[in-house]
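Examination of the molecular architecture
If you want the building blocks of each chain, they are given just below.
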Amino acid sequence: MGRPLKELTPHKSAQDLIGWRIRKLRMERKWGVDELAAKVFVTPGRITQVETANDPPGRELTKQLAEVLGAQDLVELWPLMRLESFRGYAKLFLRDQATADVIHDFAPIVPGLFQVTGYARAVMGLTSSEDLAELEEAVTLRMERKSIFERTDPPWIWVVLAEEALTHVQGSPEVMVQQIDYLLEMVQRPRINIQLLPLDKTSIPGSISLLSLPGGERTAYAEGFGTGTYYREPVDVHRFQRLYDRLQAGALDIEASIEAIRDIRRKHQ
């Protein structure tokens, strides 16, 4: 016998409601998971993740499911689900980041994996309404993510970093010197590359992270102020890959980036 279906509370969240609706409509048509998956060109496992609200569908998959199932309300629910599930998307991204083979990042601030404690505390404190104890716990959790570098087979990481991430003071000039020293230390590792995007080059206000996962899947996470979405559909991943490529094309090469980072460090002293 197969595993019993997870019980969903359809009005608990838009994510649960979408999963519940898709399962209900599929079963009304007497389709198996495999049959629905074939109709929208994804794996049966992906449909199961959607139906159990463990990994909600992206925009394009939602449109495909709405068309196949004759349920336009799925498309109408998607924006609501996107807004309410920001934290959930972040958790899925961090889970996959921990096992990724290759990571490509663009960021207007130092990416979380490369932040020192003082820098993380300053950045997270700007956008957090949490009390001091909760803030310190969040900083500790961010520092723990660095265990990715201690893996037997650590990922290849390529970062395009906006220059303002290092010129703008976060915390204090002393914190910035510590942060820059850490970046200069990390870039000496064989699988870590950092390119600086100069102030006079076209940039974007948010961050992009592209992951290549052990099973061959590629994903993209995009984050702005208070918003974030984790993308799995190839059309979305390709769109962010093109954007990343354009940003990288404007960046300094690795050696020039290291020299520019050292120059910025001297200005903070």
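Summary of the structure given here. (Residues numbered from 1 in each chain as written. Predicted model: local features only at pLDDT ≥ 70, side-chain atom pairs only at ≥ 80, totals over all residues. Heavy atoms only, no water.)

**Section: the sheet that holds strand E4 (residues 207–212)**
Note the cut-off: Between any two strands, at least two bridges found by DSSP are needed for them to pair. For the purposes of this entry, the term helix denotes a DSSP run of H or I that reaches at least four residues, the term strand denotes a run of E that reaches at least two, and both are numbered from the N terminus. Axis lines are fitted through C-alpha atoms, for helices just across the contact stretch, and the angle between N-to-C directions can take any value from 0 to 180 degrees.
Spatially, 6 strands are ordered E3-E2-E1-E4-E5-E6 in an open sheet, and the strand pairing comes out mixed. For this open sheet the edge positions go to strand E3 (192–197) and strand E6 (227–231), each flanked by a neighbour on one side alone. Between one strand and the next, the sheet's axes are offset by a mean angle of 10 degrees, whatever the strand orientation. Sheet topology note: the E4/strand E5 (residues 218–224) ladder contains 6 bridges and is antiparallel. Across the sheet, the residue bridging to Leu211 is Thr219, located in E5.

**Considering the pairing of strand E1 (residues 102–107)**
Pairing geometry for E1 and strand E2 (residues 156–162), over 6 bridges, is parallel. Within E2, the position partnered with Asp105 by the bridge is Val159. Here E1 pairs with E4 via 5 bridges, running antiparallel. For Ile103, the partnering residue across the bridge sits in E4 and is Leu211.

**Considering the layout of surface pockets**
Note the cut-off: Here a cavity denotes a set of grid points, spaced 1 Å apart and computed over the protein atoms alone, in which a 1.4 Å probe fits but from which it cannot get out, and a pocket denotes an open set meeting protein on both sides within 12 Å along at least five of seven lines; residues with an atom within 4 Å of a point are reported as lining. Grid points are joined across faces, edges and corners, and a volume is the space filled by probe spheres set on the points. Side-chain classes follow a simple rule in which Ala, Val, Leu, Ile, Met, Phe, Trp, Tyr, Cys and Pro form the nonpolar group, Asp, Glu, Lys and Arg form the charged group, and the remainder, Gly included, forms the polar group.
Its volume calculated, the second largest pocket comes out at about 230 Å³. Top element by residues in the lining of the second largest pocket is helix H11 (residues 234–249). It accounts for 3 residues. The class makeup of the residues in the lining of the second largest pocket is 4 nonpolar, 2 polar and 5 charged.

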